[in-house]
Amino acid sequence: MDIINREHQSVFQTYKRLDIEIVKANGVRLYDNKGNEYLDFLGGIAVNLLGHSHPKVINAIIEQINKYMHISNFFYQEPQVKLAEMLKDITNMDKVFFCNSGSETTEGATKLAKKWGSVNNKKDIISFTGGFHGRTYGALSLMNKPLYMEGMGPYLGDRKILEFNSIKSLENGIDENTAAVFLEFMQGEGGLKVVSNEFVEKLKELKKKYGFLLIADEVQTGVGRTGKFSFYEYFDIEPEIITIAKGIGGGLPLGVILAKDNIANLWTFGQHGTTFGGNSVSCVAGLVVLEELMNNNLMEHINLVSSYLNSKLNYLLNKFPNVVNEVRGVGLMTGLELKMEARPIVDKLLEMKVVTNATSVNVLRLVPPYIITNDDIDEFISKLEIVLTDFNLSL
Ligand code: PLP
C-alpha cells in the first residue's frame, strides 16, 4: 500500500495534502521519494526562515540534545533565559512566556487580557473579520470562519468581531468595556491584507480614550518576515502584548507571548503553564534564528530580495491584467491577488516543481525562506509567467 492510502486509513482527514512524499529538504529545496526537486516558496507555511537543514540550526540542536532535551519547567535552563533576553532586547518588551504554537500564544494572550480586564473592570475582547488566530476554542472565538467553527460551538462570550479596516466599526464597537484588541496588522490567512494608516490612527485615538490593551498577533508577520522584526513597527502605535510563533523555533515548535511588566506580572505562580513550553532544543534553534537575523545581515537580505521579488510580481501584474488583480503583502510575506481562484495556479506550479500556497480563495501566497536569492526568484517568476500565460490564453 502506498503512503497516500496508508495515511488515509490511519490519520484524521483534516488536511488537504499535496500528493507528494518529501524525503529530504535543504535550503530552499524539497526532494520527493521519486527524486524530484522542488523550489520551496511556502517554507513550511512561513516557518523555515533559514531554509531547511540549516547547518547552524542542526549543530545547535545536536549540541543541546547531547546535554539534555526535556527536563521540565521546574528547572532553570540557559537556552530559555538567553532567548528571552534576546527577544526582550529586540522588542522592548519586559517579559516572555514560552509555549509551543501560535494557537497557544492566542490562548495565553487572551487569558492575560482577561486577567488584566478583571483588575480594570473591562471584559470585551475585540478582533476582526478575516483574522486568523488558531484552532483552539479561544482562538476560534475571535474569528468568523464558519468552516473552522461549524458544529463545535458554543464559543466564548465577551468578544466582538468588528469589520477589518472599518473605522466606523471601530467607533461603534470599542468602548469602556473593551479589555483588549487582537490584531494582525497584516492578515495572513485572510489574504495578505494590511491595516490602513487611518484605521491604526483611529485605534490609537480610541486606545488613548478607553485604555484597552493592544495585542499584536505577529505569529506569521513576526521575526523579520516583513523586513522589520515585528510588522506593527511600520505603524505609529505600540502594543502591550505581542505574540510570535511559526519561524522563531527554527523549524521546531515554539510560541512566545511578550508583554510589559505591569501585564506579565498579573500572572502569578501556577496561573499559566505548559509542559513543553520553552523546550531547550526549540530554544537553541531559536537562538540561531535570532543570531542570523539580527547579527548576520539577514534582515538586510530580506529587504533586498523582497524588493526584487516585488518588482517581478509587479511585472507580472502589468503583463497579465486579465488574470492578476493586485500585488499584495510586504517583505517576504507577499503574493498576488488573482481574478481567478488561486488553487489551479498552485497546482500548475507544483507540476513545474514549485511549492506555493492559495489563501482566501483567490490569493497566491508566497512566504519563502529568508535565504532565497535573486536567482531563486528568477526561476520562480519564469515558471509563474508560463503558468499565467496559459491561464491568460484560456480566458
Ligand atoms: N495567528 C496567526 C496570524 C497565524 O497565521 C496562525 C497560523 O497560521 C496562528 C495564529 C496559529 O498558529 P498555529 O498554527 O501554530 O497554532
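Residues numbered from 1 in each chain as written. Predicted model: local features only at pLDDT ≥ 70, side-chain atom pairs only at ≥ 80, totals over all residues. Heavy atoms only, no water.

**Side note on the pairing of strand 10 (residues 213–217)**
Note the threshold: Whether a residue is buried, partly exposed or exposed follows from its accessible area with a 1.4 Å probe, protein chains only, as a fraction of its type maximum: under 20%, in between, or over 50%, in that order. A run of H or I in DSSP counts as a helix once it spans at least four residues, and a run of E counts as a strand once it spans at least two, with each numbered from the N terminus. The rule for pairing is simple: two strands pair if DSSP sees at least two bridges between them.
The buried fraction of strand 10 is high, at five of five residues. The sheet contact formed by strand 7 (residues 178–183) and strand 10 spans four bridges and is parallel. Within strand 10, the residue paired with Val181 across the bridge is Leu214.

**What about the packing of aromatic side chains?**
Spelled out, the test is: Stacked, edge-to-face and tilted labels apply to pairs of Phe, Tyr and Trp rings (six-membered ring for Trp) whose centres lie within 6.5 Å, assigned for plane angles under 30 degrees, over 60, and everything in between, in that order. Any Lys NZ or Arg CZ found within 6 Å of a ring centre and within 35 degrees of that ring's normal is scored as a charge over the ring.
As enumerated under the stated definition, the model contains 10 aromatic pairs in all. With a centroid separation of 5.5 Å and an interplanar angle of 40°, the aromatic rings of Phe185 and Phe235 are classed as tilted. Of this pair, Phe185 sits in the loop between strand 7 and strand 8 (186–187) while Phe235 sits in the loop between strand 10 and strand 11 (241–244), and the two are 50 residues apart along the sequence. With relative accessibility at 1%, the residue Phe185 sits in the buried group. Judged by its relative accessible area of 11%, Phe235 is buried. Joined through ring pairs, the aromatic side chains of Phe185, Phe231, Tyr232, Tyr234 and Phe235 make up one cluster. The ring centre of Tyr234 lies 5.2 Å from the NZ or CZ of Lys228, which sits over that ring.

**A closer look at the domain arrangement of the chain**
Quick reminder of the rule: Start and end points for every domain follow an automatic or database-based domain assignment. In this description, contact between two residues means that some pair of their heavy atoms is separated by no more than 4.5 Å. Take the accessible area each of two parts loses on contact, using a 1.4 Å probe, and add the two losses: that sum is the buried area. By convention in these notes, a salt bridge is any Lys or Arg side-chain nitrogen within 4 Å of a carboxyl oxygen on Asp or Glu. Nitrogen and oxygen atoms within 3.5 Å of one another constitute a polar contact, given that in protein one can donate a hydrogen and the other can accept it, and given that sequence-neighbouring residues count only through two side-chain atoms. Side-chain classes are defined by residue name, with Ala, Val, Leu, Ile, Met, Phe, Trp, Tyr, Cys and Pro counting as nonpolar, Asp, Glu, Lys and Arg as charged, and the others, Gly among them, as polar.
Domain assignment breaks the chain into domain 1 (56–295) and domain 2 (298–342 + 349–364 + 379–386). Computed from C-alpha coordinates alone, the two centres of domain 1 and domain 2 are separated by 27 Å. Across the contact, 22 residues belong to domain 1 and 16 residues belong to domain 2. Summed over both partners, the interface of domain 1 with domain 2 buries about 1,400 Å², with 66% contributed by carbon and sulfur atoms. Taken as a group, Leu192, Arg225 and Leu293 account for 39% of the area that domain 1 buries against domain 2, more than any other trio of residues on that side. Applying the counting criterion to the domain 1 and domain 2 interface returns zero salt bridges. Counting across the domain 1 and domain 2 interface gives seven residue pairs in polar contact (both at pLDDT 80 or more). Elements with a contribution of two residues or more to the side of domain 1 that touches domain 2: strand 8, strand 9 (193–194) and helix 11 (280–295). Here the side of domain 1 that touches domain 2 takes three residues from helix 11, the largest share from any one element. Classifying every residue of the side of domain 1 that touches domain 2 gives eight nonpolar, nine polar and five charged.

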